[in-house]
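Residue-level listing of the chains:
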Amino acid sequence: MTLISFVVPAYRVQAYLRECLDSILDQPFTDLEVIGVDDCSPDAGGEILAGYAERDPRVRVLRLPENVGLGPARNAGLDRAGGEYVWFLDSDDWLAPECLPAVAARLRAGTPDVLLVDHVRRHWDDSASPSAWARVLPGGVGTGTFALRDRPEVLRLLHVAWNRVLRRDLLLDQGLRFAPGWYEDVSFTYPTLLAAGRIAALDRVCVNYRQRRAGAITRTRDERHVEVFDQWDRVFRWLVARRPALDDLWPAVYERMVWHCLTVLGNGERIDPHLRPVFFARITAAMRRWRPPAGYPVPPGVPGLKQRLVAGGHWRTFTALRVAGRVRDTAGRGVRAAGRRAVPLARTARDAAGYAYYRAELRRPLDPALAVYAAYWYRGYACNPAAVYEAARRLAPQVRGVWIVRRDRVHTLPAGVEYVVAGSRAYHRVLARARWLVNNVNFPDAVRKRPGSVHVQTHHGTPVKVMGLDQQRYPLGAPGMDFAALLRRVDRWDYSVTANSFSTQQWERAYPAGYTTLEYGYPRNDRLVTATAEEVRRLRARFGVTGDEPVVLYAPTHREHLPGYRPPFRPAALLDVLGPGARVLLRSHYFHDREPGDRASEVETGSGRVLDVTDHDRVEEVYLAADVLVTDYSSAMFDYAVLDRPIVVYAPDWAAYRLTRGVYVDVTAEPPGAVATDFAGLLDLFRSGAVRSPAAEAARRRFRARFCALDDGHAAERVVRRVFLGERPHPGTGR
């Protein structure tokens, strides 16, 4: 019999599910199975589970026909579990490395009914805070088993299903199941401890408890928090059915109920102000209903002032004392925080004047017809914002679109595009009053999110390298990055436009916030789908290509951790292999990690057949002109794949880049075409024809199916209809 069955329900956790599953399956312990329960999740959770099941026979997937909620989903997984023990692990948490051998040893040593394990809370900044384990069990519990009567303090450990490993026969014999509704752990974990004959504790951190910024019920205001009382009623009804055998433990359970309900009430993120008196009254009723049986004292701490006020129903006095305490506790912090604040733009007198004007404009009403567009930190008219702008001019002509550009980039704007210069009074005015703000990066920190304004983050590529909060684990690739400031910028987003499910999953974890994802495809790629053969000929002619001569685009990405690094690439050598008439287009990353002088020398060595296209604003036009793309870890491969033309991954520093910068996808194991890891190998791919081999074609088909399915030529239209017109277009269609 398998020792441990992990039950992992999945619902809207696509950003974290892989980390959870990997933490189980990569342990140096194999006597396990994973029951992945797809609770009819609307995201890619079911696909992720199915993919793991295909690759690992230890994973089985149960897809529920309708969404039933966490408790019933766990029950469904329990019904399929075959292990001696069951571990209910939440799919946004993950196991500590190499913890399972220690867990297995304790299970086999004493065959406990319940094994309690420690955890840490993992916060968005990757910091960890300890659990209450050391406070609850300061002297430890030894290596044997004990009865709950001997150590009733273990009831004070966090009452969740994932910090305990449970003997399956105990659950089946006692009929222990999860109830529906919120706080479902309450009515399961306490009866389980009370029913257990042998309890053990492993003083080792085994679970990383993710503290999500968005999506957790503990951070959600909702009337359903009152369901906590239903769960506690179930606990005490379970106790009533077993009286008088467990009456001596009743007071300790009662103390936990009072503490828990007051904790929920005291959390300002859960209970709406108008519901607080009602919630308070429910606590009062629960305290009166479930007081310990006669002859058993109320536990120490419960008769305190706060608890006496609740038991007596004295809401006004309770509230007054609570407010006074909060004022006292926060006064000092507020003074210190005020002293630390700084105005991001107020670095010079000119900036200060501009910011003052911006603040004045914030007091004026929003312009209901104004949309502001920007791209690449005001570098010009480009990328997804440009495609959305063009679609909005056609579909929503009542919206006035204004672009923000740097003064040195004004000359690159197409004729007829209204613009303001970054830093000018007009710039501050439109930023303050625009109803819509569309960008492929973030607007400056000083920009406020006004009520009624709509911020659209279009992004500018499908990520290969890790981004956002994920960069905290790769500090060399994020020098000087202020992650707290990043999250403040992300909190302004109303919409996040993604090109595929893969991007959606990465952005949800890298940029956790309350925005709505528009998984519509990338607007800028519409042109790759709709371009005609005549348009392609005109674009090739613009780059000096007048016939059918082959054109190779080389577009490497930036190395933040190696500012001076340039991948070995000699265009003249490649041209010798390509033959007479061939062309090579060079496009550096927009961060310009390759110096213009270096690019110029490469152009000169190409005898007129090498063209630097770094400064060409519309990258999609460069894509259309090229027959083959050579890149490394750039998002260019995902866009270029829309054209269904050959792609070569040239990754000479793959091992170092993956280790130092971090990646989401292994482009050498799941490439969009042929792969070379040194320049000689790159030349051989072209010399041998492997660039267009059946294997390369098959790799590209798989890559396109995974990443390009939504790029159908209507992405920009879908964004405009949703954002500007309030419609809900269906992905994969223009409407």
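Rules and cut-offs
Residues numbered from 1 in each chain as written. Predicted model: local features only at pLDDT ≥ 70, side-chain atom pairs only at ≥ 80, totals over all residues. Heavy atoms only, no water. Axes fitted to C-alpha atoms, helices over the stretch in contact; angles between N-to-C directions. Helix = DSSP H or I, 4+ residues; strand = E, 2+ residues; numbered from the N terminus. Parallel < 35°, antiparallel > 145°, perpendicular 65-115°, else oblique. Contact = heavy atoms within 4.5 Å. Nonpolar A, V, L, I, M, F, W, Y, C, P; charged D, E, K, R; others polar. Core = buried A, V, L, I, M, F, W, Y, C linked by side-chain atoms within 4.5 Å. Buried < 20%, exposed > 50% of the residue type's maximum accessible area, 1.4 Å probe, protein only. Disulfide = S-S within 2.5 Å. Pairing = 2+ DSSP bridges. 1 Å grid on protein atoms, 1.4 Å probe; cavity = no way out; pocket = protein on both sides within 12 Å on 5 of 7 lines; lining within 4 Å. Points joined across faces, edges and corners; volume = space filled by probe spheres on them.

Draft legend 1. Structural context of the packing of helix α8 (residues 227-240) against helix α10 (residues 276-289). Relative to each other, α8 and α10 sit at 10°, their axes nearing to 10 Å. Here α8 lies roughly parallel to α10, going by the angle between them. Taking contact as the criterion, the partners of Val 228, Phe 229, Asp 230 and Asp 233 in α8 are, on α10, Phe 279, Arg 282, Ile 283, Ala 286 and Arg 289. Across the contact of α8 with α10, the residue classes tally to 5 nonpolar, no polar and 4 charged.

Draft legend 2. Main features of the nonpolar core. Of all hydrophobic cores here, the largest spans 67 residues; its most connected members are Phe 88, Leu 116, Trp 232, Phe 236, Met 257 and Ile 283. Top contributing element to this core by residue count: helix α9 (residues 250-266), with 9 residues. Sequence-distant contacts of Ile 283, defined by excluding residues within four places in its chain, comprise Phe 229, Cys 261, Leu 262, Leu 265 and Val 310. Within the second largest apolar cluster, 55 residues are counted, among which are Trp 493, Ala 499, Ala 636 and Val 642.

Draft legend 3. Looking closely at the state of the cysteines. Summed over the entire model, instances satisfying the criterion amount to 0 disulfides. Cysteine Cys 99 shares no disulfide, and the gap to the nearest cysteine sulfur, in Cys 206, comes to 4.3 Å. The buried category is assigned to Cys 99, whose relative accessible area is 0%.

Draft legend 4. Main features of the sheet that holds strand β15 (residues 495-498). One open sheet accounts for 7 strands, arranged β12-β11-β10-β13-β14-β15-β16; its pairing is parallel. Lying at the two open borders of the sheet, with one neighbouring strand each, are β12 (419-421) and β16 (516-519). The sheet shows a mean angle of 25° between the axes of neighbouring strands, taken without regard to direction. As judged from the 3 bridges shared by strand β11 (residues 400-405) and β12, these two strands associate in the parallel manner. Across the sheet, Trp 403 pairs through a bridge with Tyr 419, a residue of β12. Here helix α14 (residues 383-395) sits on the sheet and contacts β10 (367-374), β11 and β13 (434-439); the angle it forms with β10, its principal contact strand, is near 145°.

Draft legend 5. How the structure looks around empty space enclosed by the protein. On inspection of all chains with the given rule, the structure shows 3 cavities of 30 Å³ or more. Roughly 70 Å³ of volume is contained in the largest cavity. Contributing to the lining of the largest cavity are Leu 437, Asn 439, Val 441, Asn 442, Phe 443, His 455, Val 456, Gln 457, Arg 489, Arg 492 and Trp 493. Those elements that place two or more of their residues in the lining of the largest cavity are β13 and β14 (454-457). When residues in the lining of the largest cavity are grouped by element, the largest group, 3 residues, is from β14. For the lining of the largest cavity, a count of residues per class yields 5 nonpolar, 4 polar and 2 charged.

Draft legend 6. Geometry of the side chain of Asp 639. With respect to the element layout, Asp 639 can be found in helix α23 (residues 636-640). Residue class for Asp 639 comes out buried when judged on its relative accessible area of 1%.

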